[in-house]
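Coordinate inspection notes
Take a look at the letters that make up each chain.
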Amino acid sequence: TSDNLFIPIGLNAENIVAIHEITGTYPYAVMNLPLGGDDNAPIVSPCIKGTKTRWEILPENECVQTDMDTQTYNVLSSVLRQTQDDNSFVRDIVFPSNGASCSADYADSLEE
């Protein structure tokens, strides 16, 4: 047996139900799944007004600082703190349509 068994599984309703039936739980997050919007188009930045993004919640000592300017860091931190999402594993946010903005360098794209 291998601890690192790799089995590709299509992410669709039928397979999610099968995972639930086998494990008794639903998958709420998938590691390394590319971000996609409601139209399944890739999300290039969490700074685009109205864009929904999901953030993994980690202990502070496990976080890796992303290289970004202070304005962008402050805005994203604020939006994350203000969300009504109380999930203890992941946090969903929608970037505000007005009143907040990332710096011009990060407004259209932000690397992980």
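Figured I'd write up the structure that's included with this text. Every value quoted in this text rests on a predicted model; they were computed, and no experiment measured them.

Another aspect to go through is the overall build of the protein. Secondary structure assignment for the protein yields two helices and two strands. Mapped from its N terminus to its C terminus, the protein presents α and β elements in the order α-β-α-β. Sorting the 112 residues of the protein into buried and exposed places 19% on the buried side. Summed over its atoms, the accessible surface of the protein is roughly 9,100 Å², and 52% of this surface lies on carbon and sulfur atoms.

Attention now goes to the state of the cysteines. Applying the stated criterion across every chain, the model contains one disulfide. Across the disulfide from Cys47 sits Cys102; the S-S distance is 2.1 Å. Its S-S torsion of approximately -80° makes the covalent link between Cys47 and Cys102 left-handed. One end of the pair, Cys47, is in the loop between helix H1 (13-23) and strand S1 (52-56); the other, Cys102, is in the segment after strand S2 (90-94), with 55 residues separating them in the sequence. Here the two residues Cys47 and Cys102 agree in accessibility, since each one is buried.

One turn of the α-helix equals 3.6 residues, which is why residues spaced by three or four share an orientation. In a regular helix each residue adds 1.5 Å, so 13 residues correspond to 18 Å; helix H2 (residues 70-82) covers 18 Å between its end C-alpha atoms and thus fits that length. Listed in full, the buried residues belonging to H2 are Thr72, Val75, Leu76, Ser77 and Val79. Of the surrounding secondary structure, the elements contacted by the buried residues of H2 are S1 and S2. Two or three places before Gln71, at the start of H2, stands the capping residue Asp69, its side-chain oxygen 3.1 Å from that residue's backbone nitrogen.

Quick notes on the rules
- Residues numbered from 1 in each chain as written.
- Predicted model: local features only at pLDDT ≥ 70, side-chain atom pairs only at ≥ 80, totals over all residues.
- Heavy atoms only, no water.
- Helix = DSSP H or I, 4+ residues; strand = E, 2+ residues; numbered from the N terminus.
- Buried < 20%, exposed > 50% of the residue type's maximum accessible area, 1.4 Å probe, protein only.
- Areas by Shrake-Rupley, 256 points an atom, 1.4 Å probe, with all protein chains shown as cover.
- Disulfide = S-S within 2.5 Å.
- Expected span 1.5 Å × (residues − 1).
- Contact = heavy atoms within 4.5 Å.
- Polar contact = N/O pair within 3.5 Å; in protein donor to acceptor, adjacent residues only side chain to side chain.

Taken by themselves, the reported measurements are silent on function.
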